[in-house]
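Tertiary structure, described
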Amino acid sequence: MANNPMLGMWHTTTLQAAQEHQHAYQRPKRTVDELVVPNAPELDEAAQKKRSRPSGHDPSIWLPRELPRLMASSIEDVEGYAARGRPGHISEYSQRRTIAATPTSTLDPLLSLIHPIYALPDKLVANFAGLGIKTIYPWQKQCLLGPGLLKGDKNLVYSAPTGGGKSLVADVLMLRRVLDDRDAKAILVLPYVALVQEKVRWLRNVVNGITREDLGQKRPDEQKFWANRADKDTIRVVGFFGGSKIRATWQDFDIAVCTIEKANFLVNTIITDCSVSKLKAVVLDECHMIDDGSRGYLLELLATKILCLGQQVQIVAMSATLTNIGLLKDWLQGHSYETKYRPVPIEEHLVYDGKVYAAGTTARLLKTVSQLGSTSQCTQPPVQHLKEIKPSDHKELKDPVLNAVVALANETARAGFGVLVFCSSRAGCESDAISIGRVLPAFKEVDPAVQKKRLDLLEDLRSLSTGLDPKLEQTVPAGLTTEERELIANGYDNGTLKVCVATCSLAAGINLPARRVILHNARMGRDLVGPAMLRQMRGRAGRKGKDELGETYLCCRENDLDAVVDLMHAELPQLSSCLISDKRRIQRALLEIIAIRLATSREALDDYVSKTMLSYSAEASSVIEHVESSLEELQKMGFIGVDRFSNFEATQLGKAIVVSSLDPNDGIYIHNELKKALQAFVLDGEMHVLYTFTPIQDLGAVTINWRAFWNEMEQLDESGLRVMNFLGLKPVVVNKMLGGGTLKETTTQEKEPSLRYHRFYLALQLRDICNEIPIHRVAQKYGMPRGSVQTLAQTCEGFAAGIIKFCEAMGWGAMAAALDHFSDRLKAGARSDLLALAKITFIKSRTARIFWDNGFKTVAAVANADPKELLPVLLQAQPNKVRLEVKDEQKSRDKLLAKAKVISDSANRIWQMEMRLEVDEE
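Here's what I pulled together on the structure shown here. (Residues numbered from 1 in each chain as written. Predicted model: local features only at pLDDT ≥ 70, side-chain atom pairs only at ≥ 80, totals over all residues. Heavy atoms only, no water.)

**As for the overall build of the protein**
- Along its length, the protein carries 35 helices and 19 strands.
- Going through the 922 residues of the protein one by one, you find that 54% of them count as buried.
- Restricting the contact set of the protein to residue pairs at least 6 apart, pairs at least 24 apart contribute 75%.
- Taken as a whole, the protein presents about 40500 Å² of accessible surface, with 51% of it coming from carbon and sulfur. (Helix = DSSP H or I, 4+ residues; strand = E, 2+ residues; numbered from the N terminus. Buried < 20%, exposed > 50% of the residue type's maximum accessible area, 1.4 Å probe, protein only. Contact = heavy atoms within 4.5 Å. Areas by Shrake-Rupley, 256 points an atom, 1.4 Å probe, with all protein chains shown as cover.)

Right, dumping it as structure tokens:
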């Protein structure tokens, strides 16, 4: 019986391979059932037609075509291994292994959050308990009871392993600050959008139902025509990321969960408008990112500004991979705490040549292999392996590393546990996912309850506005849209899906723990991962409450053995400041501090620099030298000047660069581009505006499909061709690239034209999105993963918001207004007539057009409609029409009705706000 490759590896998170369009996209009219998979038997024409017509009576018709089954290799214990128990290296995380039992709150009352010393509201403690946190660990108690922490008098830096409960300490301290004062605000900083979204959901559940009135903080009644917002007295948690154009004001939230860039902008804003006095806590999660080469310096800028405020703001910094914690302690002038405790122990292994070794024996293993490969006689007995993975009889699994990965994943998934497999590339993820899927149980062999959950998940995926990509039915790529990622992550977390295959970046980007973590090599692209990334990946093993232990298996080849063993035993790198690794960073630091007027005199600037982490890790003379040269450069570039009191002040251009969150050099480039555009801005079309929205950094990963570029160029109207001519983009160059040429990028003069071709190529994609072409169609057209297209749109939204602020600060109001309008279109994925509808939850792009076509052309029309009236419209908006059984059809309608109610409620809120504004204006 053929196996369904979807099952057991649905959560195979990977971007679609770049070559995908050469196969599936060349035949867009064929269904996934018609795609020919290597080594899969062809169906005759009648069978193909039968499979292409979904029937409501056979659930298997919902599933993609099955690949031939493979048999996973057996994994056998070495003789004597079972009798010896499970010896070997005690992981650094495995403190639980050396402790007989963890004390409970019965023995130690301080392990209960209800204890008066924590001063937490009963409702908050109950919410924690409802989320599974009924007691805290001894290390958490010791950390929280550090000097001055609960009262907010002292900053804190601490390190705890992934999965060790480190976030709870920061949550408790942050919530204490917010709940103690009605006007108190807090900022929580995370490095990635996915983590921000996850944390927002978590914190909203934590503070659910807690009101200021319950805390005795009721505000005096105010006589108003309109009723207060329903959430006015609650603890409001808001996520800040992407391209939000809303000016950050304290009345919108109590806790702001931000990406690094948004947090830095938010702090600049509240210092500028003098509302920073309400800030009481700042949490820096994953603070090891401070030495990240591209973004880490922004964390240092943010924290240094807080230290310069002259008011008490509690800073809490945490990470699983801190080494020189003393440096951060001295810099932040706080208390430090370290633990290696994990509630679930981890057993670590190296897999080499089909044999499994305990991680603690790898150094001896390397010596043994070296001696075996030489003519010298071994001076010590060979290292005894723990298990052996038998070679496979299938040619697809002849590679011993792939065979080991598949066998280890199969063993764990069949035992009912979750598996994370990390690969070096997108193509590797897809290949591993398909191989693993072919050895797992077929759909009909799976428990009926799990079958139903998987079909429900498939239905939810089909109902998304982007539709269900054919490749998603075989493997789930990392190029997922945000909505797909959330659905699939939930499916993996609740056990519907068993195996997730992902690139290494997932280890830091999302919280998906597993019983077993398997590393197919230890590379990210061609390079070995660093010790910190390896720690992140291995730390995903073991789920509290679900697993008794976690396991990691690093599978490597012979030519990688030396490097992998060194990596496994390598110490984490020391953190260091990135402010002077690139002169632009210290320049931005000084420009920001002058523009927001936190320091304007030379003495104040020296005081600011003395509070940076740089001053704690570099020689004073070196720091002074960089400051002097940077101030001179900023003056030469026209970003700052000196007033009559010999104080520094930002020029209009300098302020524009800061408010738009640009680096100084990028600011110069954008300023020159926009000044040029002001002389001949092409406003009778879309391309010039959308070109302006495309970012100028991190475009190295964008590969231009020159065939797609040429096809779109051929169809440009007169306005689009004028934009190309204005930008200096030549059809002859595109034709040359189509013939196999390359764009030179050696000198600055060569890089600028290349950058323009890349930006225009992205602008073509934005044009399609703004004209209601679904993301999956845009992805197909340009040969890009759908998730990458969505990420592009979100990145451009953020960049567009910065460009609009830049124009406003420069006094270019007309250009700012034009850009602002198109920014709304980009966010809505729609033309101008749908912008009002697109403000409603779930109403975007194609769905908004269907509402319009059915007569719901205003927010008021949707708000005044009964949710049942919206149901037929939502059914029409379904991207995939699948015939269902009666019971399944009713369940689908119930889901859509619930969605219709959310749409109706959202429309009512927007409508009431609009009416309120009209009355206030009158």
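**Side note on the sheet that holds strand β7 (residues 314–319)**
- One open sheet accounts for seven strands, arranged β4-β5-β3-β6-β7-β2-β8; its pairing is parallel. Of all strands in the sheet, those bounded by a partner on one side alone are β4 (237–240) and β8 (334–338). Between one strand axis and the next, the sheet turns by 15 degrees as a mean value, whatever way the strands run.
- Where helix α7 (residues 260–272) meets the sheet, its contacts fall on β3 (185–190), β4, β5 (255–259) and β6 (279–284), and the angle it forms with β5 comes to roughly 130 degrees.
- This element, helix α9 (residues 325–332), spans β2 (155–159), β7 and β8 of the sheet and lies at about 170 degrees to β2. (Pairing = 2+ DSSP bridges. Axes fitted to C-alpha atoms, helices over the stretch in contact; angles between N-to-C directions.)

**Looking at the state of the cysteines**
- Across all of its chains, the model carries zero disulfides by this definition.
- No disulfide involves Cys429; its nearest neighbouring cysteine sulfur is the one of Cys423, lying 4.3 Å away.
- Cys555 carries a free sulfur, and the closest cysteine sulfur to it, the one in Cys556, is 8.2 Å from it.
- Residue classification places Cys555 among the buried residues on the basis of a relative accessible area of 1%. (Disulfide = S-S within 2.5 Å.)

**Observations regarding the nonpolar core**
- Counting residues in hydrophobic clusters, the biggest one holds 128 residues, and the most contacted among them are Ile187, Leu284, Phe709 and Phe760.
- Counting residues per element, this core draws most heavily on helix α30 (residues 786–810), which supplies 11 residues.
- Sequence-distant contacts of Phe709, that is, excluding residues within four places in its chain, are made with Ile704, Met724, Val734, Tyr757, Phe760 and Tyr761.
- Core analysis: the next-biggest nonpolar cluster, separate from the first, contains 47 residues, Leu124, Ile133, Leu168 and Val237 among them. (Core = buried A, V, L, I, M, F, W, Y, C linked by side-chain atoms within 4.5 Å.)

**Section: the sheet that holds strand β10 (residues 355–358)**
- A sheet is described by the order of its strands in space; here eight strands give the open sequence β1-β11-β10-β9-β17-β14-β12-β13, paired in mixed fashion. Strand pairing shows two members of the sheet lacking a second neighbour, β1 (75–77) and β13 (499–503), which therefore form its edges. Pairs of neighbouring strands in the sheet enclose a mean axial angle of 25 degrees, with direction left out of account.
- Two strands pair when backbone bridges link them, and β10 and strand β11 (residues 387–389) are joined in this way by two bridges, in the antiparallel orientation. By the bridge assignment, Lys355 is partnered in β11 with Glu388.

**Here we look at the packing of aromatic side chains**
- Applying the stated rule across the entire model yields 12 aromatic pairs.
- Judged by centre distance (6.0 Å) and plane angle (35 degrees), the ring pair of Phe709 and Phe760 falls under tilted. Highlighted residues: Phe709 in helix α25 (residues 706–714) and Phe760 in helix α28 (residues 748–770), separated in sequence by 51 residues.
- A residue is classified by how much of its surface remains accessible, and Phe709, at 0% relative accessible area, is buried. (Phe/Tyr/Trp six-rings, centres within 6.5 Å; stacked < 30°, edge-to-face > 60°.)

**Quick look at the environment of Gly334**
- With respect to the helices and strands, the residue Gly334 is situated in strand β8.
- The class of Gly334 is buried, set by a relative accessible area of 7%.
- Gly334 sits 20 residues away from Gln314 along the chain, and the two C-alpha atoms are 9.3 Å apart.
- Once you skip the residues sitting within four places of it in the chain, Gly334 turns out to touch Lys154, Asn155 and Lys329.

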